[in-house]
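Each chain, written out:
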Amino acid sequence: MAEQSDEAEIQKQTTLELWLILHHKVYDLTKFLEEHPGGEEVLREQAGGDATENFEDVGHSTDAREMSKTYIIGELHPHHCFLCLSSWWTNWVIPAISAVAVALMYRLYMEQD
Ligand code: HEM
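Computed from a predicted model, the values in this text were never measured in an experiment. (Residues numbered from 1 in each chain as written. Predicted model: local features only at pLDDT ≥ 70, side-chain atom pairs only at ≥ 80, totals over all residues. Heavy atoms only, no water.)

Asks: I'd like a description of the sheet that holds strand S3 (residues 72–75), backed by residues and values.
Replies: Pairing between the strands of a sheet is mediated by backbone hydrogen bonds and can be parallel or antiparallel. One open sheet holds the three strands; their spatial order is S1-S2-S3, and the pairing between them is antiparallel. Only two strands of the sheet have a single partner each, and these edge strands are strand S1 (19–22) and S3. Neighbour-to-neighbour, the strand axes of this sheet turn through a mean angle of 30°, independent of strand direction. Bridge count between strand S2 (residues 25–28) and S3: three bridges; the pairing is antiparallel. Bridge pairing in S3 places Tyr27 opposite Ile72. (Pairing = 2+ DSSP bridges. Helix = DSSP H or I, 4+ residues; strand = E, 2+ residues; numbered from the N terminus. Axes fitted to C-alpha atoms, helices over the stretch in contact; angles between N-to-C directions.)

Asks: Outline the coordination of the iron atom of the ligand, supporting the account with residue identities and numerical values.
Replies: The iron atom of the ligand binds to the protein through His36 (NE2) and His60 (NE2), with metal-donor distances spanning 2.0 Å. Here the iron atom of the ligand binds six donor atoms, and the angle range of 86 to 179° at the metal identifies the geometry as octahedral. Taken together, the residues span a long stretch of sequence, with His36 in the loop between S2 and helix H2 (40–46) and His60 in the loop between helix H3 (52–58) and helix H4 (62–68) at a distance of 24 residues. For His36, a relative accessible area of 13% corresponds to the buried category. Judged by its relative accessible area of 21%, His60 is partly exposed. (Donors = N, O, S within 2.8 Å, 3.2 Å for Na, K, Ca; no water. Tetrahedral: all angles 85-135°; square planar, octahedral: opposite > 155°, others 65-115°. Buried < 20%, exposed > 50% of the residue type's maximum accessible area, 1.4 Å probe, protein only.)

Okay, structure coming up:
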């Protein structure tokens, strides 16, 4: 019997806690669930995952964005941040490869003369 109540307790805790990700930041919305004007359900559906797209799709107001800052509890490790990685890739690696390619082509062109 004791085991059962332990499990129930864990389940209760799990349904009470709600963390999600918005723009690479971690939010604890546990205390905000009941206050959310968009309802509890939409937040629960996003629990534990990256809700950025849905958050942006709704077109939250500036007030909502300001309010959201109160619930930030952390930031995603950069290694887990695919978009950050891909912008690093497009900002540095691709231009660097292009520059080398242009330099090589220029040398080849000059050698032909
Ligand atoms: C920190 C996180 C969030 C905060 C502080 C927040 C806050 C708010 C606020 C203040 C509103 C009222 C309208 C406005 O001012 O824009 C709202 C509406 C709404 N929110 Fe959120 N929200 C959050 C996250 C989310 C997420 C992750 C979803 C996921 C789908 C969501 C879905 C909605 C929906 C569907 C509405 C109703 C829009 C409508 O009735 O027109 N929200 N939210």
